[in-house]
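A closer look at the structure
This is what each chain is made of:
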Amino acid sequence: MLPYTVNFKVSARTITGALNAHNKAAVDWGWQGLIAYGCHSLVVVIHSNTAQTLQVLEKHKADVVKVKWARENYHHNIGSPYSLRLASADVNGKIIVWDVAAGVAQCEIQEHAKPIQDVQWLWNQDASRDLLLAIHPPNYIVLWNADTGTKLWKKSYADNILSFSFDPFDPSHVTLLTSEGIIFISDFSPSKPPSGPGKKVYISSPHSSPAHSKLAAATGAKKALNKVKILITQEKPSAEFVTLNDCLQLAYLPSKRNHMLLLYPREILILDLEVNQTVGVIAIERTGVPFLQVIPCFQRDGLFCLHENGCITLRVRRSYNSIVSASNEEPDPDPVQELTYDLRSQCDAIRVTKTVRPFSMVCCPVNENTAALIVSDGRVMIWELKSAVCNRGSRNSSSGVSPLYSPVSFCGIPVGVLHSKPPDLSLDNMIGQSAIVGEELPKGSVLQEVHLRFLLTGLLSGLPLPPFAVRMCPPLTTKNIHMYQPLLAVGTGSGSVLVYHLTSGLLHKELSVHSCEVRGIEWTSLTGFLSFATSTPNNMGLVRNELQLVDLPTGRSIAFRGERGNDESPIEMIKVSHLKQYLAVVFKDKPLELWDVRTCTLLREMSKNFPAITALEWSPSHNLKSLRKKQLATREAMARQTVVSDTELSIVESSVISLLQEAESKSELSQHFSAREHFVFTDNDGQVYHLTVEGNSVKDSARIPPDGSMGSITCIAWKGDTLVLGDMDGNLNFWDLKGRVSRGIPTHRSWVRKIRFAPGKGNQKLIAMYNDGAEVWDTKEVQMVSSLRSGRNMAFRILDVDWCTSDKVILASDDGCIRVLEMSMKSTCYRMDEQELIEPVWCPYLLVPRASLALKAFLLHQPWGGQYSLDISQVEYPESEEIKTVLQEQLNSLSNDIKKLLLDPGFTLLQRCLLVSRLYGDESELHFWTVAAHYLHSFSQEKLTDTAATPEAAPQERVNNPLDMCYDILCENAYFQKFQLERVNLQEVKRSTYDHTRKCTDQLLLLGQTDRAVQLLLETSADNQHYYCDSLKACLVTTVTSSGPSQSTIKLVATNMIANGKLAEGVQLLCLLDKAADACRYLQTYGEWNRAAWLAKVRLNSEECADVLKRWVDHLCSPQVNQKSKALLVLLSLGCFSSVAEMLHSMRYFDRAALFVEACLKYGTMEVTEETEKLVCAVYADYARSLKHLGFKQGAVLFASKAGAAARDLLAELACPKEKPAED
């Protein structure tokens, strides 16, 4: 049997409570898997899977308004390891960048003393990961280096800036939401501030805001919304137009390029920024609950919406499989062509009251299948999406919502008909893509229909609102060490008592004891306490007193004073004697009562002329020991008479006897056998009375006249031979009872509210609480140890204090938090790895860099030694046992679904890479492996089909399971073209002004849809200034295909136009002549790289397109652009796998290069020539070296043996140390 150990190690911590209105938007969910949120001036970090508090960061002096985790969009190695970086900003304009694991502030930034409006890390730079963009009110944006705290540049705008949003597809585009409208910035760069004032637009609607147009029935609502054309205008709207100030939020859609959403309380508008036009509206019916916030998804075209009642809904874009229009027909006017988002799932609402309302929501950035709701009362609710396959028959056809299907692939690899449903790893594993127009479901494919629902998987609740009364349970002694638990009782304003376990900081029990505010708590044993509450006084000044005795294990609570308590003077304090025998109850205008705690009986009620009590304390001295001795002597005499004959008593029996005796003495104690105890109290004049209590007799034993230097005494503390008194004027008087001397110390801190000695034998420390703070004193030396003062070194007011252990204090404060602090009372953040957690937590970011990277290698290269295992002890890993244990704990904390996948022999290397990048929240790896898995698979399928000589099959398979549209330029050309056509159809249906029509015409011409373009050109009305031009253009477009000479003329005109600055018009003419390749070259020459890539994908055949994209890759790799990570993805989409491997190797991404090469060889997508052979060996050798550096020998041997000649020396080196231990 294991020896019974008790964990009573109490670490410094903060238990947080309700939030402040400023904290409303201060929450963020990082790629690291942790959620951070602001609570007054603190930042709380919790683990999203287990809902445990991991860290509370305290350094801000004011309320926190924003928190943001750093992005993980870079390659991780020993030099740039997995680390927890967080930026938090407060009301006074200070930004602090934290190293969360160590709990220290790395850097502090201050520009102005006004609340920061928004803050965001820049994520797209390969060069630097330390850049932080912030809005300093009213109208500045500043770029900071968050590592050093230096300001890189600052720029002001004409309007007050409320928030900003980066275009996820093009980091040079930022949009600012201002109090007047929107400002588009198109030249954002880290090196210099944007030039000019940006392009400012106003949003207005010609028919008043859609929220105010009366929406009739559902059908009427649709029509009304179609009439509403929200215009984006360059002119400032006149007064009757609704301006933007009721817009709650602005965000780009990460799932498709150039789309933005605007959130209003009653609708969400989806804008297409190419034509500046609303292409979708999600409106709430008149009875619906308004929106508070929306988070657009990346993996699927969906939106998480938070409503004012705390309900989170998921809406996913509807697929239009039916609407197919050929290029030359007029589109069918009947179906509403609009982006429609259908409600797919919603969670339960919360009960909203005056003090309880939803603050904000965050969504998991890695998997997008979990959302967390932060409530104003400090609750965090974690809702997870679960998918369930439903059978065809049960479909409710009347709902009119098209079904959702499960995806065709899992972790990047297409799967056949699955025997079992794959686990819900992420949103794109749960639902397939929304089909786009003109795409039929693949023939003969088995698609399973799925339903989604939200499940509450985590709940963290905070302390209720102050006031608090706190009391720590009796201290740890050698006698109670086996059942001791460090419990803290917290009495609240609502009458309930919360009991917290301070080892874990978790709520142990919540007991509803009283009906009004709890005024004080005293423990009667380790498992029971007395608490008292008083109602509000009536006009006579009388109250209802409640004094309850609570038994903690059962939760049973009894009225200690029986029927007494109605309409009497309020209880001022209760004090339990040192041996927990007696209780003194002090009233405001009523004599003292003495009770027996063990029998709940009244011993004495003092007479009317008894002095009024201002302070009272029980003495630690008593006569229990001498009584015990007498008793044991009589017991032993009795025992001797019975056991004289049997002298050979076994040890066991003698111990049994002593136990019996102990029990008897205890039972005698409970049978009115009472030890003598003393207490002292002071009256209004400061006279000290000393009384003795024995059984039910109370004797007055001494009176000490008042000390002239003291004012009215407010509190007394007594321990050993030291008695300390505190008064109204902030004087402390130390009495040494043995030496009979007293010392008065004026603290000049006003009223001493409470003084209390620390537990522990011989520990003479004392805490004193004042109106404006607290102090710790050493009574032996009579000197102050530490001090806290409101407004000077803390932002909160102290409501109550107590000792937690002999060297830690507990402070309850008016910011709704309870802090357990070291005696120095410095608010310290702790190291996260020193935390005692109830449940193990998967978070590789908490490991030392070497360990987290070694753990990653261990997971990636399963099977180790030919067999699958999650037991790290089987691997030779020469680190200390301690690190091995930590790694094993990490592995054990993985969910069963993930363990099953990692141990599944059918789970391929590519899928493993994708899964591990998800587990680590590694953004750059996740994108790399998603694109790599997709194209490696599809190119290897093409190879197979080429050899099988059925050329039609391959492209079809690629379009059936295309890469998600959120990857934009990286998608397959055919799929990309379809998407662009669908988009231009939508733009055409939605156009409302000549400008829009003109933009649509331009797009149609570039896409080669000449007939529809001509129709639009001929629509121009005769009074328009462009009428003549457009008519001629229509003639040109219809006749362009005629003769050779005319083509050369047009080409000459086009090149002249381009040379004279009319790039777009010249490119259009070249596209008319089918010279799109030349057009792309011109666009690239003039720096329009994105536009050139777009045109190549929609107009060129695959060889010409690849040429254009390869030129783009060279541009991205150039030192002044330095976006090699993006270049890698473009190369992957072209199938240039050997150049990807070469580039990874040259960038020193050895781990990624080795895994990629292995996957290529497995799929047969890399030509094996002498050159590639050389590259493969070099990659493997370098990876083996980096594994050796991590101390991961087995992995190093594995790859060194694959590298052949290149790693011969390394292999020998790895083999040597093995023999050395054998020698010694």
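In this text the structure is predicted, and so the values were computed from the model without any measurement. (Residues numbered from 1 in each chain as written. Predicted model: local features only at pLDDT ≥ 70, side-chain atom pairs only at ≥ 80, totals over all residues. Heavy atoms only, no water.)

Quick look at unusual backbone geometry
What counts, and what does not: Secondary structure counts use DSSP, requiring at least four H or I residues in a row for a helix and at least two E residues in a row for a strand, with both numbered from the N terminus. Using a 1.4 Å probe on the protein chains alone, a residue whose accessible area is under 20% of its type maximum counts as buried, one over 50% counts as exposed, and one in between counts as partly exposed.
Between P137 and the following residue, P138, the backbone shows a cis peptide bond with an omega angle of 0 degrees. Tracing the chain through its elements places P138 in the loop between β11 (131–136) and β12 (140–145). Cis geometry is found at the peptide bond from P466 to P467, where omega equals 10 degrees. As for its placement among the helices and strands, P467 is situated in the loop between β33 (449–460) and β34 (468–472). Despite not being glycine, S750 has its phi angle at roughly 60 degrees, a positive value. Locating S750 in the fold gives a position in the loop between β53 (741–746) and β54 (752–757). Of the residues examined, S750 reaches a relative accessible area of 34% and is grouped as partly exposed. Its identity as a non-glycine residue notwithstanding, R1148 has a phi of 65 degrees, on the positive side. By secondary structure assignment, the location of R1148 is in the loop between α21 (1137–1146) and α22 (1150–1163).

Some words on the pairing of strand β27 (residues 358–363)
Quick note on the threshold: Strands were regarded as paired on the criterion that DSSP finds at least two bridges between them.
Taking burial as the measure, the 6 residues of β27 include 6 buried ones, the bulk of the element. In this structure, β27 lies alongside strand β28 (residues 370–375), joined through 5 bridges in antiparallel fashion. What sits directly across from V362, in β28, is A372. Here β27 hands over to β28 after 6 residues, with E368 in that stretch at a positive phi of 50 degrees.

Digging into α22
Threshold: Take the residue count of a helix, subtract one, and multiply by 1.5 Å to get its expected span.
In this model, α22 (14 residues) spans 20 Å end to end at C-alpha, consistent with the 20 Å of a helix rising 1.5 Å per residue. Where α22 is concerned, the buried positions are F1150, D1151, R1152, A1153, A1154, L1155, F1156, V1157, E1158, A1159 and C1160. Immediately beyond the C-terminal end of α22, within one or two residues, lies G1164, with a positive phi of roughly 65 degrees.

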